[in-house]
Amino acid sequence: MPDSPKTRRSEIWYGGRGKSAFMHRSWMKNQGMPEDSFDGRPVIGICNTWSELTPCNAHFRDLAERIKRGVFEAGGFPVEFPVLSVSESQFRPTAMLFRNLAAMDVEETIRAAPLDGVVLMVGCDKTTPSLMMGAASCDLPTIVVSGGPMLNGRLRGDQIGSGTAVWQLHEDYKAGRISDDVMDEAEQGQSRSPGFCMTMGTASTMASLVEALGAALPENAAIPAVDSRRNKLAQHSGRRIVEMVEQDLRMSKILTREAFENAIRANGAIGGSTNAVIHLIALARRIGVDLSLEDWDKLGRDIPAVVDLMPSGRFLMEDFYYAGGLPVVLRMLGEQGLLNRDALTVNGRSLWDNVKDAECYNREVIRPWDAPLAAQGGIAVLRGNLAPRGAVLKPSAASPELFTHRGRAVVFDTIEDYHARINDPDLEIDASSIMVLRNCGPKGYPGMAEVGNMGLPPKLLEQGVRDMVRISDARMSGTAYGTVVLHIAPEAADGGPLGLVREGDMIELDVAERRLHLDVSDEELERRRVEWSAPDMPEVSTWRRIYRQHVTQADEGCDLDLHPGRHDLEVPRPSH
Ligand code: FES
Ligand code: MG
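Residues numbered from 1 in each chain as written. Chains lettered and ligands numbered in written order. Predicted model: local features only at pLDDT ≥ 70, side-chain atom pairs only at ≥ 80, totals over all residues.

- Under an unreviewed UniProt entry, the name given to the protein is Dihydroxyacid dehydratase, and the source organism is Aliiruegeria haliotis.
- Listed under Sequence similarities (unreviewed entry) in UniProt, the entry text for the protein is "Belongs to the IlvD/Edd family." (UniProt positions renumbered as here; feature names shortened; annotations may be inferred.)

As for the overall build of the protein
Logical step 1: Broken down by element type, the protein carries 20 helices and 14 strands.
Logical step 2: Counting only residues that meet the buried cut, the protein has 56% of its 576 residues in that class. (Helix = DSSP H or I, 4+ residues; strand = E, 2+ residues; numbered from the N terminus. Buried ≥ 20, exposed ≤ 12 C-beta atoms within 10 Å, placed from the backbone.)

Digging into the UniProt feature "domain: Dihydroxy-acid/6-phosphogluconate dehydratase C-terminal" (unreviewed entry) in the protein
Logical step 1: As recorded in UniProt, the sites labelled "domain: Dihydroxy-acid/6-phosphogluconate dehydratase C-terminal" (unreviewed entry) are residues 364-558.
Logical step 2: Taken end to end, residues 364-558 is 16% helix and 21% strand, and its two terminal C-alpha atoms sit 37 Å from one another.

Details of the nonpolar core
Logical step 1: Ranked by size, the top nonpolar core spans 173 residues in total, and within it Val119, Leu120 and Val329 carry the most contacts.
Logical step 2: The biggest single contributor to this core is helix H12 (residues 275-287), with nine residues.
Logical step 3: A domain-level breakdown of this core finds at least three residues from each of domain 1 (11-151 + 193-355) and domain 3 (380-537).
Logical step 4: If sequence neighbours within four positions are ignored, Val119 has contacts with Ile44, Ile46, Cys47, Ile67, Ile143, Val145, Ser237, Gly238 and Ile241. (Core = buried A, V, L, I, M, F, W, Y, C linked by C-beta atoms within 7 Å. Domains from an automatic or database assignment. Contact = placed C-beta atoms within 7 Å.)

Comments concerning the domain arrangement of the protein
How big an interface is tends to be reported as the loss of accessible area on association of its parts.
Logical step 1: Assigned domains of the protein: these are domain 1 (11-151 + 193-355), domain 2 (154-190) and domain 3 (380-537).
Logical step 2: Distance from the C-alpha centre of domain 1 to the C-alpha centre of domain 3: 34 Å.
Logical step 3: Counting residues per element, the ones that place at least two in the side of domain 1 that touches domain 3 are helix H8 (202-213), H12 and helix H13 (293-300).
Logical step 4: In terms of residue count, the dominant contributor to the side of domain 1 that touches domain 3 is H13 (four residues).
Logical step 5: Here the side of domain 1 that touches domain 3 is built from residues that sort into 10 nonpolar, 10 polar and three charged. (Nonpolar A, V, L, I, M, F, W, Y, C, P; charged D, E, K, R; others polar.)

A word on the sheet that holds strand S3 (residues 117-122)
Strand pairs in the sheet, formed through backbone hydrogen bonds, run parallel or antiparallel to each other.
Logical step 1: The strand order across the open sheet built from four strands is S2-S1-S3-S4, with neighbouring strands paired in parallel fashion. The open sheet has two free edges, formed respectively by strand S2 (77-82) and strand S4 (142-146), since each of these has just one partner strand. Sheet twist, expressed as the average angle between the axes of neighbouring strands with direction ignored, equals 20°.
Logical step 2: Summarising the sheet, S3 and S4 pair through five bridges and their orientation is parallel. Each residue of the ladder has a partner; that of Val118, found in S4, is Thr142. (Pairing = 2+ DSSP bridges. Axes fitted to C-alpha atoms, helices over the stretch in contact; angles between N-to-C directions.)

Topic: the environment of Gly148
Logical step 1: With respect to the secondary-structure elements, Gly148 resides in the loop between S4 and strand S5 (153-155).
Logical step 2: A count of 35 C-beta atoms within 10 Å places Gly148 in the buried class.
Logical step 3: Put simply, Gly148 and Glu526 are 378 residues apart on the chain and 50 Å apart in space, counted from C-alpha to C-alpha.
Logical step 4: Excluding anything up to four places from it in sequence, Gly148 contacts Gly195, Ile223, Pro224, Ala225, Asp227 and Arg230.

Notes on the UniProt feature "domain: Dihydroxy-acid/6-phosphogluconate dehydratase N-terminal" (unreviewed entry) in the protein
Logical step 1: When the UniProt feature table is mapped onto this chain, "domain: Dihydroxy-acid/6-phosphogluconate dehydratase N-terminal" (unreviewed entry) is found at residues 41-354.
Logical step 2: In residues 41-354, helix accounts for 48% and strand for 9%; the two terminal C-alpha atoms are 29 Å from one another.

A look at the pairing of strand S7 (residues 380-384)
Logical step 1: With four of its five residues buried, S7 lies for the most part within the structure.
Logical step 2: When S7 meets strand S8 (residues 387-393), the two strands line up antiparallel, connected through four bridges. Across the sheet, the residue bridging to Gly384 is Ala387, located in S8.
Logical step 3: Where S7 folds back onto S8 in an antiparallel hairpin, the turn is made up of two residues.

Focus on the environment of Ala374
Logical step 1: Among the structural elements, Ala374 can be located in the loop between helix H16 (351-355) and S7.
Logical step 2: The sequence separation of Ala374 and Phe81 amounts to 293 residues, and the corresponding C-alpha distance is 42 Å.

Quick look at helix H15 (residues 326-335)
Logical step 1: In terms of burial, H15 is a largely internal element, eight of the 10 residues being buried.
Logical step 2: For H15, every residue scored as buried is listed here: Leu326, Pro327, Val328, Val329, Leu330, Arg331, Met332 and Leu333.
Logical step 3: Taken together, the buried residues of H15 touch H8, helix H11 (257-270) and H16.
Logical step 4: Positive backbone phi, approximately 75°, marks Gly337, located one or two places after H15.

Focus on the packing of H11 against H15
Logical step 1: Close contact between H11 and H15 brings their axes to 10 Å; oriented N to C, the two are set at 110°. The angle between H11 and H15 falls in the class roughly perpendicular. Both H11 and H15 take part in a crossing whose hand is right-handed. Seen from H11, the contacting residues are Arg265, Ala266, Ala269 and Ile270; seen from H15, they are Val329, Leu330, Met332 and Leu333.
Logical step 2: Split into classes, the residues belonging to the contact of H11 with H15 amount to seven nonpolar, no polar and one charged. (Parallel < 35°, antiparallel > 145°, perpendicular 65-115°, else oblique. Left-handed = near helix turned anticlockwise from the far one by under 90°.)

Some points on helix H4 (residues 99-112)
Logical step 1: An ideal rise of 1.5 Å per residue puts 20 Å on 14 residues; H4 measures up with 20 Å between its terminal C-alpha atoms.
Logical step 2: Looking at the packing, one finds that the buried side of H4 touches strand S1 (43-48), S3 and helix H5 (127-138). (Expected span 1.5 Å × (residues − 1).)

Points about the pairing of strand S13 (residues 506-510)
Logical step 1: Residue alternation in S13 divides its side chains into a buried set, Ile507 and Leu509, and an unburied set, Met506, Glu508 and Asp510.
Logical step 2: As defined by bridge partners, strand S9 (residues 404-412) adjoins S13 across five bridges and the pair is classed as antiparallel. From the neighbouring strand, Gly407 faces S13, where its bridge partner is Ile507.
Logical step 3: Sheet topology note: the S13/strand S14 (residues 515-518) ladder contains four bridges and is antiparallel. Opposite Leu509, over in S14, you have Leu516 as the bridge partner.
Logical step 4: Counted along the chain from S13 to the antiparallel partner S14, the turn is four residues long, and its residue Arg514 has a positive phi close to 60°.

Here we look at the packing of H11 against H13
Logical step 1: Taken N-terminus to C-terminus, the directions of H11 and H13 make an angle of 60°; their axes are 9 Å apart at the nearest point. With respect to H13, the axis of H11 lies oblique. Where H11 crosses over H13, the handedness of that crossing is right-handed. Packed against H11, whose contacting residues are Glu261, Ile264, Arg265, Asn267 and Gly268, the element H13 presents Asp295, Trp296, Leu299 and Gly300 at the interface.
Logical step 2: Its residues assigned to classes, the contact of H11 with H13 shows three nonpolar, three polar and three charged.

Next comes the structure, spelled out in structure tokens:
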């Protein structure tokens, strides 16, 4: 176990008889905190993303109380604080625009406050990476508590998955196959409880990767939000963070290169979201671990997706939990020699110790290694003259018959351009065309919206076409599916070659060869480049101006280039 720490950070605030200590203690006492709260016991910050605008985290006021119980039991002093709660379902133009802002909020609060350890309460998509990125920059002992998934969605006897149902039902609705009544029922049936989206979307993916990283207690990923065991996990996490402070078990001892490798492989086995690529690269850079797009392709490409969850498969997170959850998947990886078994986790044990006895209770939901849902569950990283710094595709959510495809480009300059023209019966497009969307990257949108899985033209849907190759500098929701090439870097608005594609150009996709090629000569592209100018975008707020000027491209995690990397916490100078 690590050495015991020197002076506890909170003692600088609360220890002794000085003027500052008097002030720091006195104001806290207005909340009725007893004298012995300040006697040198570990002060644990509980970083809460509760908000009525983030319905996935709607139960976090109660969950925070459970964490506090655990902290008290272990002899700590819990202090709960709010941070910007980034809402995937309510925020426009995209929650991603605010991930880095929330990370700054988390980092600066931890730096400014008398904290010895932190519990991160996360759930809805962006709340997980934003809190982890902020905390990683500070490197205190930190434990993550995810809020858990919503109850499975239900519609007229069928299971429906959050997000995934939106895409599916709307295609049926547009094609005239289902009624308003069914849509109204689906709206409620999809959202039956608090908790994050219960498909294997970005939230479930990130909750799983948190567990694979060793940053949360075992079973964190899948216990449903409203299951009593979620409260128990929260209470245990509260107890454990106090011990972690006593052992000086910092985040950097957990988030090692080995841990990230485990997470990338776990992402393949769960058939996780493409968004995880961006978030893990950003997190790794914060903590000081070298992680690249190539690592995703190299480590994850041949991992079979064994978890049969929507959007790629049939089941939902409740089913995953009852089948044994992530520990089963990690055990399978370990048995295949695909786990860094010694990676340390927040409970002080190795990842392998935590999972080696995990039992699977349903081999339909968590399939056997040799009978997977998809042979390649990971992320394919594509390159070529259209994506010099890379692009990604999720093979398990795509159609194998389109993995090698050459098609004529139909180009949409913006998402508004797409909406204006996609319903036009005269649009020159057929099932072999490649739909191109641009100016939707980190700078261009701004925020890199989840619009990459643009819906197919109604006239082709009516003919029964269900998938087409689509390429863009956007992201897509982890709950979405299709043969969709995403995250093209550099993005069009930053001068990337995607901005030079013209209607009628031929584009070649070859997933096996990891290739995305625009069949236009270099000379012609050079001519087009001279004519190109960056799209005109208004600056409407301070943050958006900072973001647009400093956000990095997808291959670098879309963090701000201003971030100086991890710095151990200094003790701030006195305020008075
Ligand atoms: Fe919050 Fe999906 S909208 S997790
Ligand atoms: Mg999303």
